[in-house]
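# Close look at the chain arrangement
So the chains spell out like this:
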Amino acid sequence: NLDFKNLHNAFIIFINYFFFPFNIFFETVNLLDNDSDAPMVPLETEHITVSPAEKDPTYLDVFKNKDFMKLLSGQFFSNFGDAIFRIAIQLYVYETTLSITAMTLILAAQTVPWIIIGPIAGVFADRISRKAIMVGADIVRGTVILILPFLKSIYGIAIIAFILGAASATFVAPRSAAIPEITGL
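Residues numbered from 1 in each chain as written. Predicted model: local features only at pLDDT ≥ 70, side-chain atom pairs only at ≥ 80, totals over all residues. Heavy atoms only, no water.

### Focus on the overall build of the chain
When you go through the chain residue by residue, the secondary structure sums to six helices and zero strands. N-terminal to C-terminal, the α/β element order of the chain is α-α-α-α-α-α. The buried share of the chain, reckoned over its 185 residues, is 36%. In the form shown here, the chain has an accessible surface area of approximately 11300 Å², with 70% of it arising from carbon and sulfur atoms. (Helix = DSSP H or I, 4+ residues; strand = E, 2+ residues; numbered from the N terminus. Buried < 20%, exposed > 50% of the residue type's maximum accessible area, 1.4 Å probe, protein only. Areas by Shrake-Rupley, 256 points an atom, 1.4 Å probe, with all protein chains shown as cover.)

Here it is in structure tokens:
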């Protein structure tokens, strides 16, 4: 029995997080489009010689890399959606409960996974396919967001916030490890 106000607020949160498909499309599908589990190695990494007439590469040269630009644009939309979601869920919880304690519970549920899972995810990113971790984390995030409008309890929302935080923390380690592979630096 969802009343219109709760359904409307849940729908607003869901719409504010609509950037999620951009995250999947730009980051995981285009970022690591090879199907092998072998690490990507930039071409011509052996014996790079620079003649004295050539200048050293600059930071602006990275922006000429198409794969890096796909990652950068995907991250822009993804981070924007994540930021809007973090704010919207706090406002939704406050509006429905009128409790600052409930807001703090949700904020803690979003933050604690970064502290616990973040360091562990880095180890797995070096041992398991980065593409598999990133796609899996995005599937978890998308599924959990679709469940959110049907929750009534603050504790259910806290569990969803925790799962989203855990999936996001899991996603960051392989993404960060893939940047040098993509840019070739």
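### As for the packing of helix α3 (residues 66-97) against helix α6 (residues 154-183)
For the pair α3 and α6, the least separation of the axes is 12 Å and the interaxial angle reads 165 degrees. Of the possible angle classes, the one that applies to α3 and α6 is roughly antiparallel. Relative to α6, the crossing made by α3 is left-handed. Contact with α3, carried on its side by Asp 67, Phe 68, Leu 71, Gln 75, Phe 85, Ile 89, Tyr 92, Val 93 and Thr 97, involves Ile 154, Ile 157, Leu 164, Phe 171, Arg 175, Ile 179, Ile 182 and Thr 183 of α6 and no other residues of that element. The residue makeup of the contact of α3 with α6, split by class, is 12 nonpolar, three polar and two charged. (Axes fitted to C-alpha atoms, helices over the stretch in contact; angles between N-to-C directions. Parallel < 35°, antiparallel > 145°, perpendicular 65-115°, else oblique. Left-handed = near helix turned anticlockwise from the far one by under 90°. Contact = heavy atoms within 4.5 Å. Nonpolar A, V, L, I, M, F, W, Y, C, P; charged D, E, K, R; others polar.)

### A word on the packing of aromatic side chains
Applying the stated criterion across every chain yields a total of two aromatic pairs. Taking the centre distance of 5.4 Å and the plane angle of 75 degrees together, the rings of Phe 76 and Phe 77 count as edge-to-face. On the basis of relative accessibility, which here comes to 55%, the residue Phe 76 falls in the exposed class. Overall, the relative accessible area of 25% leaves Phe 77 in the partly exposed class. A centroid spacing of 6.3 Å and a plane angle of 10 degrees characterise the contact between Phe 76 and Phe 80, whose relative ring orientation is stacked. Of this pair, Phe 76 and Phe 80 both sit in helix α3, separated by four residues, roughly a single helical turn. In textbook terms, an aromatic cluster arises when at least three aromatic residues are bridged by ring pairs, as seen for Phe 76, Phe 77 and Phe 80. The ring of Phe 171 carries Arg 141 above its face, with NZ or CZ at 5.8 Å from the centroid. (Phe/Tyr/Trp six-rings, centres within 6.5 Å; stacked < 30°, edge-to-face > 60°. Lys NZ or Arg CZ within 6 Å of the ring centre and 35° of its normal.)

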